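Here is what each chain is made of, one letter per residue.
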Amino acid sequence: MTPKMKQKLERKIERKIKRKTEQKKEQERRHHVPRQRQGIEERHRAWLREIEGYEEFNLVNQFIQDNITFDHALQRIRELTLAGHAARPNSMGGAANPDYRVSLSVLELAQRLEPGQHRQLVKFMSRFQKETARDPATNEPLTAQGHILWTDLPSFGYTELETWCETGGNHGDPCSPELNPEERERWVKLNAFLAQLCEAADVDYESLHFHPLDKYRHATWAFEMALENLYNSPEELANTAAMEAAAQWFIQGADGLWANVVNKRVFPDCIENRREGVRGFERERWNLWVRDLRRAEQACRDQRMKKLLRDALAQIKRHYLWIKLFGYLLHPDIPLQKPDLKIADIPAGTGSLRVFYDIVHVRMLTFDLMVDDIEAALSNLFKLLSMIHNNQDVDVHSLRIEKVNPESSISALEEIIPITLSAGPRLIPHWIPELPDLFEKSGLKGVKADARDAPGYTGYTLHECA
């Protein structure tokens, strides 16, 4: 054998050995990964069983099922807190442990409940955050790491962030279509809960100190993954947990998100978006989100997910229909030059009766108020403001049928409309045309009415949004 032939044979053998080695490593990796994942899943299930064993978990669960009152749950949590404080008065874990367990319990239940069932959970957290645990000997607030129990929700911030980053339990990739279905469902539900929780927050759009229930920065993170992804297009992400979470943020909290845009909210550098120059809810960024959400909807082939994306776009469209009908979101007579302008968006839950606002924006409450509610509602609104901007979007007395084709039969629709209107007094709000007079009788000055009749192709959509 010549040296050249020998060298050629050696290279061939080396390649074969290398290929066999790589194949063996790949087999070992495939064998190891499932075992490793199985271990993670077992530890996670054990962790969930531990949470289920908390007395705090049972209390919160009983409250959301209407089996006990909030006061009953709070009293027992207070007893547990004071017992922990008495046993370990100088230890961070004493009084703080019940707060920690409440946070874990709420987050676990949020990942189990459907978005439509989150309201009771939001109600619990909203009321819990308004309470303060006090030392019975001194009447001073109890604290954990310098934060007040429970006003500052010391444990909820980091437990919620850790849970969000776990993506349903096992740190999967929300952008991967191969994410475990159970983990995907849990993470999407968590985002839906956070979107609703934000409605209970007293949002200060300029402060870098966030209200304990203000989780709007998570929305920007979710949108970054689904709608600003540097590696995958919206079309590729159309049926992923990332896109579904983004859709839930719009479905559950479109008004609150828009209030952030109107107030041009930005976040501090420590949580700055990866895209240079983008730090929060800029209008240009909102337009980008809408554009890419529409791209995802057009590309999606999964019918459930496609409907979800359409629902999200419908929530966004309300703002565009408003501009199309009125030509503005805020009336042009309202001065907006004040640098620290404060806007309360009542339907979005961003107002507080103890906070002064320059503008109070009221919309989409047509079917929420009865005639007997108007006087009290106006009184509460006047406590907020120096100016009220009130846009009422629909007068259902104008609900009518317009034919596109004169030959079309409308007999079935003519039967349906009276049934709809007779379904309840809330669907016939007689007070809407009387709003200007009601405002003036309540002492409001400078009342201006701007009533528009929506075109047929937008009228019903606006009616549905009322």
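Residues numbered from 1 in each chain as written. Predicted model: local features only at pLDDT ≥ 70, side-chain atom pairs only at ≥ 80, totals over all residues. Heavy atoms only, no water.

Going by an unreviewed UniProt entry, the chain carries the name Methionine--tRNA ligase, mitochondrial and comes from Talaromyces islandicus.

K.L.:
Go over the overall build of the chain, please, and point to the residues and values.
P.N.:
In terms of regular secondary structure, the chain is built from 15 helices and five strands. Sorting the 466 residues of the chain into buried and exposed places 45% on the buried side. Long-range contacts, defined here as pairs at least 24 residues apart, represent 69% of the contacts in the chain between residues at least 6 apart. Here the chain has roughly 25500 Å² of accessible surface; of this, 51% comes from carbon and sulfur atoms. (Helix = DSSP H or I, 4+ residues; strand = E, 2+ residues; numbered from the N terminus. Buried < 20%, exposed > 50% of the residue type's maximum accessible area, 1.4 Å probe, protein only. Contact = heavy atoms within 4.5 Å. Areas by Shrake-Rupley, 256 points an atom, 1.4 Å probe, with all protein chains shown as cover.)

K.L.:
Run through the pattern of salt bridges, naming residues and quoting values.
P.N.:
Considering all chains together, one arrives at 22 salt bridges under this definition. Residues Glu 235 and Arg 295 are paired through a salt bridge, measuring 2.9 Å at the closest nitrogen-oxygen approach. Here the residue Glu 235 occupies a position in the loop between helix 8 (216-227) and helix 9 (241-262), and Arg 295 occupies one in helix 10 (residues 283-299), the gap between them amounting to 60 residues. On the basis of relative accessibility, which here comes to 28%, the residue Arg 295 falls in the partly exposed class. (Salt bridge = Lys/Arg side-chain N within 4 Å of Asp/Glu carboxyl O.)

K.L.:
Can you lay out the packing of helix 8 against helix 10 for me, pointing to particular residues and giving the numbers?
P.N.:
In the contact formed by helix 8 and helix 10, the axes pass within 10 Å of each other and the chain directions differ by 45°. Put simply, helix 8 runs oblique to helix 10. The two elements helix 8 and helix 10 cross, and the hand of that crossing is left-handed. Of helix 10, the residues touching helix 8 (which contributes Thr 220, Phe 223 and Leu 227) are Arg 285, Leu 288, Trp 289, Asp 292 and Leu 293. In the contact of helix 8 with helix 10, the residues fall into five nonpolar, one polar and two charged. (Axes fitted to C-alpha atoms, helices over the stretch in contact; angles between N-to-C directions. Parallel < 35°, antiparallel > 145°, perpendicular 65-115°, else oblique. Left-handed = near helix turned anticlockwise from the far one by under 90°. Nonpolar A, V, L, I, M, F, W, Y, C, P; charged D, E, K, R; others polar.)

K.L.:
Now, about the packing of aromatic side chains: what can you tell me, with residues and values included?
P.N.:
For the structure on display, the rule yields 16 aromatic pairs. With centroids separated by 5.4 Å and ring planes inclined at 50°, the aromatic side chains of Trp 164 and Trp 187 adopt a geometry described as tilted. In this pair, Trp 164 sits in helix 6 (residues 154-166) while Trp 187 sits in helix 7 (residues 181-197), placing the two residues 23 residues apart along the sequence. Here Trp 164 and Trp 187 have matching classes, each one buried. An angle of 55° between the planes, with centres 5.6 Å apart, marks the rings of Trp 164 and Trp 221 as tilted. Linking Trp 164 in helix 6 with Trp 221 in helix 8, this pair joins segments that are 57 residues apart in sequence. Taken individually, Trp 164 and Trp 221 each receive the classification buried, so the pair is uniform in this respect. (Phe/Tyr/Trp six-rings, centres within 6.5 Å; stacked < 30°, edge-to-face > 60°.)

K.L.:
Would you mind going over the confidence of the model for the chain in detail, with residue names and values included?
P.N.:
With 72% of its residues at a pLDDT of 70 or more, the chain shows a mean pLDDT of 81. The element-level mean pLDDT for the chain is lowest in strand 5 (residues 385-390), coming to 52, with helix 2 (residues 55-64) highest at 97. Below a pLDDT of 50 lies the segment residues 270-274, which in the model reaches twelve contacts outside its immediate sequence neighbourhood of four places, other chains included. Contacts of residues 390-397 to residues separated by more than four positions or lying in other chains number 35 contacts, the stretch itself having pLDDT below 50. (pLDDT = per-residue confidence, 0-100.)

K.L.:
Could you give me a rundown of unusual backbone geometry, with the residues and numbers involved?
P.N.:
In this chain, Leu 149 is followed by Trp 150 through a cis amide linkage whose omega measures 0°. Secondary-structure assignment places Trp 150 in the loop between strand 2 (147-148) and helix 6. With phi around 65°, Asn 139 is a residue other than glycine that occupies positive phi space. Its location among the elements puts Asn 139 in the loop between helix 5 (119-129) and strand 1 (143-144).

K.L.:
Describe helix 12 (residues 374-382), and please don't skip the residues or the numbers.
P.N.:
Among the residues of helix 12, Ile 374, Leu 378 and Leu 381 are the ones counted as buried. Buried residues in helix 12, looked at end-on, bunch into an arc of 60°, giving them a common side. (Arc of directions from axis to C-beta.)

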